[in-house]
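# Summary of structural features
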Amino acid sequence: MRLLVPFSALVSTVFAAYKWNNVKIGGGGGFTPGIVFSPKTKGLAYARTDIGGLYRLNSDDSWTALLDIANDATWNYWGVSAVAADPVDANTVYISVGTYTNSWDPNNGAILKSTDKGTTWVKTALPFKLGGNQPGRGMGERLAVDPNNNKIVYFGAPSGNGLYKSTDSGASFSKVTSFTAVGTFREDPTDTSGYQSDIVGVTSVVFDTTSATLNGATSRIYVATADVTASVYVSTDAGATWKAVAGQPTGRFPHRVKLSVSEKLLYFTYSNVAGPYDAGDGTVYKYSLSTGAWTNITPAWQATNSLVFGYGGLALDANNPGTLIVASDNLWWPDAQLFRSTDAGASWVTIWDWNVNHYTYDTDKAPWINASRTDDKALGWMIASLEIDPFDSNHWLYGTGLSIFGGHDLTKWPAVHVESLADGFEETSIQSLICPPGGAPLLSGVGDVCGFRHESLTVSPAINFINPYYPTTPDLDFAGQKPLSIVRIGNDGSTAVNQMALSTDGGKTWNPATVSSSSLCCGKVAYSADASSILWATPSGNYVFVNGVQSGVGTLPTGLRIASDKVNAKYFYAADGNSFYVSKDGGKTFAISAAISNNGVNSIKVHPAVAGDVWLSTSSGMYHSTDFGVTFTKIASVSASYAIALGKGTGSYPNLYAFLTTTTSGSNILALSTDKGVTWTQINDAQHGFGAASANCLAASWDTVGEVFVGTNGRGIFYGLPDGGSTPTTTATTAKTTSTTTSNPTTSKPVTTTANPTTTKTSTTTTSTPTQGGGTIPKYGQCGGSNWTGSGTCVSGSVCQVQNPFYSQCL
């Protein structure tokens with residue numbers, strides 16, 4: 001390959017003033033494993049997510065995101081494994097952050113503290129990793145502040161790291177060496193990736209405020225671990241010594257633990273799995289602080305209906321002793337079940353009974369939640385967190401795998417009104433974005449909730465992509481000369497059906513594409529300029545579809561980035577880590593055009609109005625071709641680049657946007673160039689870090705000058721426009737935090753965190769293959785999943801569809 005290197009480029013040392021907002025999807029979109037109400041202020045609550053950071057509840061039921069400071073170096077802040085609202089100071093909140101304990105996350109975890117309700121944060125580093133997006137993330141809470149001395153903060157660690165304590169309001173943490181019960185449960189000990197084989201660890205800390213104080217601290221403390229033998233431990237001397245609580249249940253472990261002060265009771269929900277995907281087998285117990293007696297209060301409904309499931313969410317009504325709600329952690333059919341008791345668990349009232357819903361329901365704030373539903377699950381799944389405002393017995397919230405639900409009339413149970421209450425809560429993993437000229441401002445491919453045609457950026461879409469509906473949309477593309485012609489591909493967790501759809505009206509309506517193979521999904525897709533051919537790079541092979549006729553492309557390797565020329569319908573482009581490929585016959589055959597000496601191609605983008613004008617982003621820099629990829633010019637100012645986009649500007653050449661590292665920035669930034677990459681201006685700021693650069697996607701408008709869209713791995717979609725205000729004069733790109741360092745108690749060496757995440761986009765969606773057995777499964781019944789030994793054959797009229805790694809259902 002001939003590399004034409006231009007003259008030395010300059011990089012701007014100022015920010016362009018861009019204003020950023022979320023594209024409103026609404027309804028959440030992902031798993032909310034924890035919600036905590038403030039014990040000091042009515043209506044103040046925090047909700048943690050597994051890949052989308054932390055949110056604070058507002059008085060109008062909307063939510064405000066609090067961790068948009070997470071940037072490429074601190075992307076793991078969006079995996080929040082625990083939250084604690086200070087019981088003394090209403091303005092103070094603590095969270096633990098860190099996304100994975102295995103190699104997917106190179107960074108150690110941390111405790112973040114805010115004294116202004118999450119507006120700013122101070123960081124205390126931990127000497128180990130945390131798993132905010134790993135099994136057991138719905139258990140808790142792992143963080144707790146002593147109500148009698150709020151300088152004391154406890155944190156329960158995963159991975160066998162035990163129990164940690166701070167005596168200086170979170171400025172430092174040290175290991176509680178007297179606590180040796182670190183938990184032994186692993187979701188799947190055989191998992192070689194470390195994702196499911198890590199020890200779930202210490203999961204809950206509860207201060208017993210009915211006990212006396214000792215040296216100004218609460219004397220009796222309860223700690224729960226994930227262990228099927230002994231899981232609950234107590235200290236009666238303010239944490240100096242610990243012992244297992246006598247008579248406790250075995251074979252399962254607590255998911256949630258709550259203290260009822262007036263009753264002098266601890267309530268527990270139990271399961272024999274960590275969750276959040278698998279249903280497990282569970283019970284509900286209460287424990288008397290006065291007598292030490294354990295009482296099984298599991299709702300009889302479970303046994304009466306011969307259903308097996310674990311319990312997750314647990315809420316106590318602070319104003320009405322003996323009133324509590326528990327939730328099935330997962331009851332995959334027909335819907336989640338919620339149980340309320342007003343007599344301390346002696347009897348229970350369900351929110352629905354067979355063929356009778358006692359509640360009313362709406363998703364008016366996110367209408368797409370109901371519009372595309374293909375099953376009976378209205379109340380949700382993965383209900384790990386369930387809470388009642390301690391100052392308002394009618395105000396309740398619960399988190400699911402999709403949204404936050406709840407209401408304001410809980411005392412009318414079971415005739416309550418349940419609604420989606422996740423306005424402002426944007427927790428989605430964005431896979432692909434496009435801006436077809438002359439159509440809707442934006443089309444999105446989204447993990448777990450398919451994708452959307454965004455006719456408005458400020459109003460929640462009325463419906464997802466449907467007919468067909470695929471849970472995840474890995475990629476979309478439009479035909480350059482017929483921009484209302486759109487192709488999208490899907491991923492439903494299996495390869496049982498072909499997963500490609502076409503639209504001729506800009507994504508308003510869809511039809512399944514004609515595909516002769518029976519097992520195609522996922523990958524990348526590109527539409528020819530005249531909409532006559534489609535190139536589909538799947539994980540198993542590459543295919544071209546010419547006027548609906550399918551054929552393989554044997555001249556290409558797998559794992560490619562691909563694109564179509566937006567003017568000349570004969571040209572397609574593809575690249576891997578070593579070569580750039582060009583097709584001149586509509587994708588039927590490809591030839592190597594240029595060798596690319598780097599370790600990874602990240603994106604190919606093509607000028608919408610000029611044939612053969614191609615941009616290539618790689619881990620070794622950025623390249624530009626104006627001759628259909630025959631030669632490339634290396635952009636001298638760029639040392640690494642990820643997502644790129646071209647959009648409408650004010651000059652003769654389009655605006656060029658990219659996540660990149662310049663030769664002077666030293667870190668990944670989102671930047672704009674108006675001169676073909678000669679100079680760059682940073683357009684993100686310290687309050688909009690956008691998480692991991694390598695996981696994000698970009699698109700830019702051809703109808704609105706300067707409008708650019710950022711798709712993140714966990715915080716949904718942002719759109720930016722030139723603000724028109726004053727331009728900041730600093731170039732800071734780090735999160736708005738200050739740091740303290742905690743010494744590793746075993747090595748006494750300072751602990752530091754590392755940057756440069758090496759993983760690509762990781763959604764909460766995973767796949768599994770149903771295990772085949774005998775018999776026929778009725779509609780809505782389970783037909784597969786991890787450890788499933790029954791039939792994988794569904795009754796006529798339904799097919800076995802993977803919902804998660806542990807559960808497949810006949811739908």
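The structure presented is a predicted model; accordingly, all values stated were derived computationally and were not measured.

## Some words on the overall build of the protein chain
When its secondary structure is counted, the protein chain shows two helices and 64 strands. A buried classification covers 62% of the 811 residues belonging to the protein chain. Taking the intrachain contacts of the protein chain between residues at least 6 apart in sequence as the baseline, contacts between residues at least 24 apart amount to 54%. Counting every atom, the protein chain has about 27,700 Å² of accessible surface; 51% of that belongs to carbon and sulfur.

## Points about the pattern of salt bridges
In this structure the tally under the stated criterion is ten salt bridges. Of the charged contacts in the structure, one is a salt bridge between Arg137 and Asp50, with a shortest N-O distance of 2.9 Å. Taken as a pair, Arg137 in the loop between β9 (121–125) and β10 (143–145) and Asp50 in the loop between β3 (45–48) and β4 (54–57) lie far apart in primary sequence, 87 residues in all. By relative accessible area, Arg137 is classed as buried at 2%. Asp50 gets classed as buried once you look at its relative accessible area, which sits at 0%.

## Comments concerning the sheet that holds strand β22 (residues 284–288)
Strands sit in the order β20-β21-β22-β23 across an open sheet of four strands; the sheet is antiparallel. Edge strands, defined here as strands with exactly one partner in the open sheet, are β20 (253–260) and β23 (294–296). Across the sheet, the mean angle separating the axes of adjacent strands is 25° when strand polarity is ignored. In the sheet, β20 pairs with strand β21 (residues 265–271) via seven bridges, with the strands oriented antiparallel. Pairing of Ser260 across the sheet is with Leu265, part of β21.

## Examining empty space enclosed by the protein
Which parts of space are left empty comes out when a probe the size of a water molecule is rolled across the atoms. The final tally for this structure, using the stated rule, is seven cavities of 30 Å³ or more. Space inside the second largest cavity adds up to approximately 130 Å³. Taken together, 16 residues line the second largest cavity, and the ones lying closest to its centre are Gly131, Gln134, Pro135, Arg142 and Pro158. Of the residues contributing to the lining of the second largest cavity, the split by class is six nonpolar, seven polar and three charged.

## Some thoughts on the nonpolar core
Residues Ile351, Trp396, Tyr398 and Val418 are the most contacted members of the largest nonpolar core, which totals 36 residues. When contributions to this core are tallied by element, the ones reaching two or more residues are β21, β24 (311–316), β25 (324–328), β26 (338–341), β31 (385–388) and β32 (396–399). Look past the residues within four positions of Val418 in its chain and what remains in contact with it is Ile351, Tyr359, Thr360, Tyr361, Asp362, Leu379, Trp396, Tyr398, Phe405 and Gly406. In terms of nonpolar packing, the next biggest core, distinct from the first, is built from 26 residues, Val23, Tyr277, Met382 and Phe452 among them.

## Quick notes on the sheet that holds strand β47 (residues 572–575)
Pairing in this open sheet of four strands is antiparallel, and the strands run β46-β47-β48-β49 from one edge to the other. With partners counted over all chains shown, the strands left at the sheet margins are β46 (561–564) and β49 (591–595), one partner each. The mean inter-strand angle of the sheet, taken between neighbouring strand axes irrespective of direction, is 25°. As defined by bridge partners, β46 adjoins β47 across four bridges and the pair is classed as antiparallel.

## Comments concerning unusual backbone geometry
In this model, Gly275 is joined to Pro276 through a cis peptide bond whose omega is 15°. When you line up the elements, Pro276 lands in the loop between β21 and β22. A cis geometry characterises the amide bond from Trp333 onward to Pro334, with omega recorded as -5°. Mapped onto the fold, Pro334 is located in the loop between β25 and β26. For Ser159, which is not glycine, the phi dihedral falls at a positive 65°.

## Description of the packing of aromatic side chains
Applying the stated criterion across every chain, the model contains 40 aromatic pairs. Ring geometry for Phe309 and Tyr311: centres 5.2 Å apart, planes at 55°, overall tilted. This pair shows no difference in class: Phe309 is buried, exactly as Tyr311 is. By way of ring pairs, the aromatic residues Trp301, Phe309, Tyr311, Trp333, Phe339, Trp352 and Trp354 are connected into one cluster. Lying over the aromatic face of Phe478, Lys566 brings its terminal NZ or CZ to 4.5 Å of the ring centre.

## Topic: the pairing of β9
Counting buried positions over the five residues of β9 gives four, a clear majority of the element. As judged from the four bridges shared by strand β8 (residues 110–114) and β9, these two strands associate in the antiparallel manner. Its bridge partner lying in β9, Ala110 is registered against Ala125. Counting the residues in the hairpin turn of β8 and β9 gives six residues, including Lys117, whose phi is positive at 60°.

## Some points on the confidence of the model for the protein chain
Of the residues in the protein chain, 86% have a pLDDT of 70 or more, and the chain-wide mean is 89. Note on residues 1–15: pLDDT is under 50 here. Beyond four places in sequence and across chains, it has 46 contacts. Contacts from residues 725–775, a stretch scored under 50 in pLDDT, to residues over four places away or in other chains number 139 contacts.

Procedures and definitions
- Residues numbered from 1 in each chain as written.
- Predicted model: local features only at pLDDT ≥ 70, side-chain atom pairs only at ≥ 80, totals over all residues.
- Heavy atoms only, no water.
- Helix = DSSP H or I, 4+ residues; strand = E, 2+ residues; numbered from the N terminus.
- Buried < 20%, exposed > 50% of the residue type's maximum accessible area, 1.4 Å probe, protein only.
- Contact = heavy atoms within 4.5 Å.
- Areas by Shrake-Rupley, 256 points an atom, 1.4 Å probe, with all protein chains shown as cover.
- Salt bridge = Lys/Arg side-chain N within 4 Å of Asp/Glu carboxyl O.
- Pairing = 2+ DSSP bridges.
- Axes fitted to C-alpha atoms, helices over the stretch in contact; angles between N-to-C directions.
- 1 Å grid on protein atoms, 1.4 Å probe; cavity = no way out; pocket = protein on both sides within 12 Å on 5 of 7 lines; lining within 4 Å.
- Points joined across faces, edges and corners; volume = space filled by probe spheres on them.
- Nonpolar A, V, L, I, M, F, W, Y, C, P; charged D, E, K, R; others polar.
- Core = buried A, V, L, I, M, F, W, Y, C linked by side-chain atoms within 4.5 Å.
- Phe/Tyr/Trp six-rings, centres within 6.5 Å; stacked < 30°, edge-to-face > 60°.
- Lys NZ or Arg CZ within 6 Å of the ring centre and 35° of its normal.
- pLDDT = per-residue confidence, 0-100.

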